[in-house]
Amino acid sequence: MSDDVVLSFHAVSKTYPGTPPVTSLREVDLSVRAGEMVAVVGPSGSGKTTLLNLAAGLDRPTSGTIHLAGHAIESSGDRRLSGLRAHLLGVVFQRFHLLDHLTATENVATGLLYRGLPRRRRRAAALTALERVGLAHRAHQPARTLSGGEQQRVAIARALVGRPALVLADEPTGNLDTVTGGQILRLLTDLNTDGVTMLVITHDLAVAAACGRQVEIRDGRVSSAVAL
Amino acid sequence: MSAPPDARSGPDARSGPGSRLRPADLLPLATVGLRGRRVRTALSTLGIAIGIAAIVAVLGITRSSQSELLTRIDRLGTNLLTVTAGQSMGDEVPLPATAGLGVARTDGVERVAVTAVLTQVHVYRSDRIPHTQTGGLDVRATDEDLLTTLDGHLAAGVFLSAATARYPVAVLGHQAAVQLGVVRPGPGIRVRISGHWFVVAGILAPFELAPELDRAALIGLPAARDVFGYDGHPTRLYIRADTARVAQTVDLLARAVNPAEPPAVQVSRPSDTLTSRLLVADSGTSLFLGLGAVALLVGGVGIANVMVISVLERRAEIGLRRALGATRPHIAGQFLVESLVLATLGGLTGTALGVLITYLTALQRGWPAVVPPGAAGLGLGAALAVGALAGLYPAVRAAGLPPTDALRAV
């Protein structure tokens, strides 16, 4: 494995138990190199979310190996996985998942809470991250008073605040109107230009087209990986 | 990005970076949920507060009333004894004429006062009152030592003396004076005792340990003999015994009073009724403490309920925190501390409330306000224990939620 590979899937399958068992990923191979912005596209139910959950260490594969910045995810315990998420990953969700009654700064600072950094340093870093996403002027507003686009910017700042090795974004524009979605997409591509490695799950073709590489997933298999 | 913190300081690439939550962050983290749901926080706090307030107030009020009883017992003394020959139809039965002398010679007796109820003799405000309207008041013949033996006090006037005991002079018990309408004694103030006028020389303050004297008109033994033909048989003796030898003295008294028939003599210790009230107060305490504990339990169930609901509502937050790097113990800790914070708030409020209730009750009843120091500690300790128990299940449940499921919920 080359040193600059941030995330790699090797022959990864995921089957959910049940009657009948549901296999949502089959023998998936995938790798994301440092500085890349990769889109994972595919219709609903194709296994995109499963792939994201596995990449984030929120779930474990049934078979195959996953490495995040050199750490094997499939064999790690809960403690170690939590540590990897705290230090190496930033996640952006379709529904933002902000804590409503906390301010924008407090929400962003939560991204560093589980690293054991002192509060002062977390806040300073959060303000810097908010500046980066163009929300410095809303830093002290409660999250619930922000617009959808602003909320997603706060969520992106939270994902970036710890300078993670990889940012996972799950339909980052899915809950936004076209104009706001476009602005968020531009922010993401700017961040990528600045060197942030990203894996974007989307079924929005405009988002996919903005990424440097698209991986299409269909019925749990990677059907094509096109470099633009 | 400009000047982000150094994310990779510390973590070792081989063993993997660790997830760490600073202990100092636990409390602010645990109050995030509470600050967002103020009404619910206040209500569940109230549940615990009521239980704790009940417990603290019960302990405080009981201790305050006991302290008041103990002060009274101390003041009245536990060394006062009374000797009677039992009662017949509500009247006191005569003791041997020598009883007073016998008792005075008994070991351990410091002072003795002899009294006798004069049957068929009654006291009236004036000669216009029909004879049947006795008002339930007694006329008692007594020696001059009664007041000192009982450590009693006069509300007004003077007590009988060796000089006045021979003349038609009366001293009224507190209740008797009220009933006869005598406000103050004096040479011109008289009452009618079975056909004879008696001058009221004094009015007694109430006797806590000898209530029978409150409803009596007291006259001297010589006057009783001369005017009403009193035969010299006392019916009730009041005795002050040496405090250190009260029990032994009690054993000796019956024989000293009536050597011929000791079992016919009743010796009692009036302070026993007060002492028994201490015991009654104690048994009442257990009952109320039980009720307080039930209230606390209900409060605890309330907290557990609120926490379980909170976990369900905040599944997305739990998933988010797991995605941000929280371990299962971090999540459990957050919810457990949240429950403890709720219980502590309730405990503090309840303790303050309990102390306030104790002080107000004591103030109203004229008792010394005493809150046992243990009660406040017990209240807070009980609140914390309830909070920990109530938070345990929701915390474990929160920690056990799979992060992917939690994130799917909104």
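Residues numbered from 1 in each chain as written. Chains lettered and ligands numbered in written order. Predicted model: local features only at pLDDT ≥ 70, side-chain atom pairs only at ≥ 80, totals over all residues.

## Overview of the overall build of chain A
Looking only at helices and strands, chain A features 7 helices and 10 strands. For chain A, buried positions account for 55% of its 228 residues. In chain A, the share of contacts with a sequence separation of at least 24, taken over all contacts with a separation of at least 6, comes to 68%. (Helix = DSSP H or I, 4+ residues; strand = E, 2+ residues; numbered from the N terminus. Buried ≥ 20, exposed ≤ 12 C-beta atoms within 10 Å, placed from the backbone. Contact = placed C-beta atoms within 7 Å.)

## Examining helix α2 (residues 78-88) of chain A
Three or four residues apart is the spacing at which side chains of an α-helix point the same way, because the helix has 3.6 residues per turn. Of all 11 residues in α2(A), 9 are buried; the element is thus mostly enclosed. Burial in α2(A) covers these residues: A:Arg80, A:Leu81, A:Ser82, A:Gly83, A:Leu84, A:Arg85, A:Ala86, A:His87 and A:Leu88. Here the buried face of α2(A) lies against β4 (63-68), β5 (71-72), β6 (89-92) and β7 (166-170) of chain A together with α10 (315-323) of chain B.

## Structural notes on the confidence of the model for chain B
Residues and elements named next belong to chain B. The pLDDT averaged across chain B works out to 86; a share of 95% of its residues lies at or above 70. Low pLDDT, under 50, characterises residues 1-14; the stretch is placed with 25 contacts to residues that sit more than four places away or in other chains. Across the interfaces of the predicted complex, the ipTM metric reaches 0.93, alongside a pTM of 0.73. (pLDDT = per-residue confidence, 0-100.)

## Notes on unusual backbone geometry
Peptide bonds are mostly trans, and most non-glycine residues show a negative phi. In this structure, A:Pro20 follows A:Thr19 across a cis peptide bond, with omega equal to -5°. With respect to the helices and strands, the residue A:Pro20 is situated in the loop between β1 (5-16) and β2 (22-33). Phi is positive for A:Ala69, which is not a glycine, with a value near 50°. Counting through the fold element by element, A:Ala69 comes out in the loop between β4 and β5. What makes A:Ala69 buried here is the crowd of 22 C-beta atoms within 10 Å. Within the chain, B:Ser194 stands out as a residue other than glycine whose phi angle is a positive 40°. Looking at the secondary structure, you find B:Ser194 in the loop between β9 (190-193) and β10 (196-204). Look at B:Ser194 and you get partly exposed, because 16 C-beta atoms sit within 10 Å.

## A few points about the pairing of β7(A)
All names here are of chain A. In terms of residue burial, β7 counts as a mostly covered element, since 5 of its 5 residues are buried. Across the two faces of β7 the burial is the same, with Leu 166, Leu 168 and Asp 170 and Val 167 and Ala 169 all buried. Here β6 runs beside β7; their pairing, made up of 4 bridges, is parallel. Its bridge partner lying in β7, Val 92 is registered against Ala 169. Summarising the sheet, β7 and strand β8 (residues 198-202) pair through 4 bridges and their orientation is parallel. The residue of β8 that forms the bridge with Val 167 is Met 198. (Pairing = 2+ DSSP bridges.)

## Quick word on the sheet that holds β2(A)
Residues and elements named next belong to chain A. Pairing is antiparallel across the open sheet formed by 4 strands, whose spatial order is β2-β1-β4-β5. Each end of this open sheet is capped by a strand with a single partner; those strands are β2 and β5. As defined by bridge partners, β1 adjoins β2 across 8 bridges and the pair is classed as antiparallel. Considered in β2, the bridge of Ser 8 is made with Ser 31.

## Looking at the domain arrangement of chain B
Parsing chain B into structural domains produces domain 1 (25-72 + 275-408) and domain 2 (79-270). Taking only C-alpha atoms, the centre of domain 1 of chain B and the centre of domain 2 of chain B are 58 Å apart. (Domains from an automatic or database assignment.)

## Some words on the UniProt feature "domain: ABC3 transporter permease C-terminal" (unreviewed entry) in chain B
Residues given the UniProt feature "domain: ABC3 transporter permease C-terminal" (unreviewed entry) here are residues 291-403 of chain B. As annotated, residues 291-403 of chain B comprises 88% helix and 0% strand, and the C-alpha atoms at either end are separated by 42 Å. (UniProt positions renumbered as here; feature names shortened; annotations may be inferred.)

## Focus: the UniProt feature "transmembrane region" (unreviewed entry) in chain B
Residue and element names in this part refer to chain B. On the UniProt side, "transmembrane region" (unreviewed entry) is annotated at positions that read residues 42-62, 287-312, 340-362 and 374-393 here. The span residues 287-312 shows a helical share of 100% and a strand share of 0%, and its end C-alpha atoms are spaced 38 Å apart. Spanning residues 374-393, this segment combines 100% helix with 0% strand, and its end C-alpha atoms are found 29 Å apart.

## As for the interface of chain B and chain A
Taken together, the 34 residues of chain B in the interface contact 41 residues of chain A. Elements that contribute at least two residues to the side of chain B that touches chain A include exactly α1 (23-36), α10, α11 (328-365) and α13 (403-408) of chain B. Top contributing element to the side of chain B that touches chain A by residue count: α10(B), with 5 residues. The residue inventory of the side of chain B that touches chain A, partitioned by class, reads 17 nonpolar, 9 polar and 8 charged. (Nonpolar A, V, L, I, M, F, W, Y, C, P; charged D, E, K, R; others polar.)

## As for the environment of A:Leu102
Within the secondary structure, A:Leu102 is located in the loop between β6 and α3 (104-109). Taking the C-beta count within 10 Å as the criterion, A:Leu102 has 19 such neighbours and is therefore assigned partly exposed. Taking C-alpha positions, A:Leu102 is 8.2 Å from A:Arg144, a pair spaced 42 residues apart along the chain. Among all residues touching A:Leu102, those that are not within four sequence positions of it are A:Asn107, A:Pro142, A:Ala143 and B:Val32.

## Section: the environment of A:Gln214
All names here are of chain A. With respect to the secondary-structure elements, Gln 214 resides in strand β9 (residues 213-218). Among the residues examined, Gln 214 registers 20 C-beta atoms within 10 Å and is labelled buried. Considered as a pair, Gln 214 and Gly 182 are 32 residues apart in the sequence and their alpha carbons are 18 Å apart.

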